[in-house]
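Spelled out from the first residue to the last, the chains are:
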Amino acid sequence: MVGAGEPGTAGRGRRGTSGGLDSRLLIVILVAAAVGIALVPIWLRRTRAVETMRTELRHVLAECRARYAAASTAEDTVRVDAWVPPGMQGEPRPGDPPCGRYRRRGMVD
């Protein structure tokens with residue numbers, strides 16, 4: 001009887017040796033699922049926020065383009081360069097640049 005009576009082997013069967021790996025894998029899967037469940041709402045919020053910013057930027061650029069198209073003199077263009085377009089709610093948001101910055105970056109052309 002090889003192995004009989006060796007310390008630490010009593011009561012171990014086939015399940016005891018591979019059971020540790022299975023439970024570790026289960027723990028890893030549960031932790032990964034918990035992290036995924038926690039991160040999905042954050043990812044969705046960011047996706048919505050980015051889409052909102054893109055929509056607002058399209059709106060602002062369309063307004064700047066329309067004002068530049070209506071400008072007939074250099075003085076009108078200077079006025080449009082300094083004009084800060086309102087956001088989607090109708091009031092300028094803090095930190096929004098005037099149309100001139102968009103034009104200098106080639107975003108209005």
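Residues numbered from 1 in each chain as written. Predicted model: local features only at pLDDT ≥ 70, side-chain atom pairs only at ≥ 80, totals over all residues. Heavy atoms only, no water.

### Quick word on the confidence of the model for the protein chain
- Looking at the protein chain as a whole, its pLDDT mean stands at 80, while 80% of the residues score no less than 70.
- Mean pLDDT values over the elements of the protein chain span from 84, in helix H1 (residues 14–70), up to 90, in helix H2 (residues 74–82). (pLDDT = per-residue confidence, 0-100. Helix = DSSP H or I, 4+ residues; strand = E, 2+ residues; numbered from the N terminus.)

### Considering the pattern of salt bridges
- By the definition in use, this model includes three salt bridges.
- As a salt-bridge pair, Arg79 and Glu75 come within 3.0 Å of each other at their nearest N and O atoms. Of the two residues, Arg79 and Glu75 are both situated in helix H2; the distance of four residues between them amounts to about one turn of the helix. Comparing Arg79 with Glu75 shows no difference in burial state: the two are exposed.
- Asp81 is the partner of Arg103 in a salt bridge, and the nearest nitrogen-oxygen pair spans 2.6 Å. Taken together, the residues span a long stretch of sequence, with Arg103 in helix H3 (residues 99–104) and Asp81 in helix H2 at a distance of 22 residues.
- The structure contains a network of salt bridges with shared partners spanning Glu75, Asp76 and Arg79. (Salt bridge = Lys/Arg side-chain N within 4 Å of Asp/Glu carboxyl O. Buried < 20%, exposed > 50% of the residue type's maximum accessible area, 1.4 Å probe, protein only.)

### Thoughts on the nonpolar core
- Val60, Leu61, Cys64, Tyr68, Val80, Trp83, Cys99, Tyr102 and Val108 form the largest nonpolar core, which has nine residues in total.
- Breaking this core down by element, the ones donating at least two residues are H1 and H3.
- Tallying contributions element by element places H1 first for this core, with four residues.
- Once you skip the residues sitting within four places of it in the chain, Tyr102 turns out to touch Leu57, Val60, Leu61, Cys64, Pro97, Met107 and Val108. (Core = buried A, V, L, I, M, F, W, Y, C linked by side-chain atoms within 4.5 Å. Contact = heavy atoms within 4.5 Å.)

### As for the packing of aromatic side chains
- For the structure shown, the criterion picks out zero aromatic pairs.
- Across from the ring centre of Trp83, 3.8 Å away, lies the NZ or CZ of Arg67, which sits over that ring. (Phe/Tyr/Trp six-rings, centres within 6.5 Å; stacked < 30°, edge-to-face > 60°. Lys NZ or Arg CZ within 6 Å of the ring centre and 35° of its normal.)

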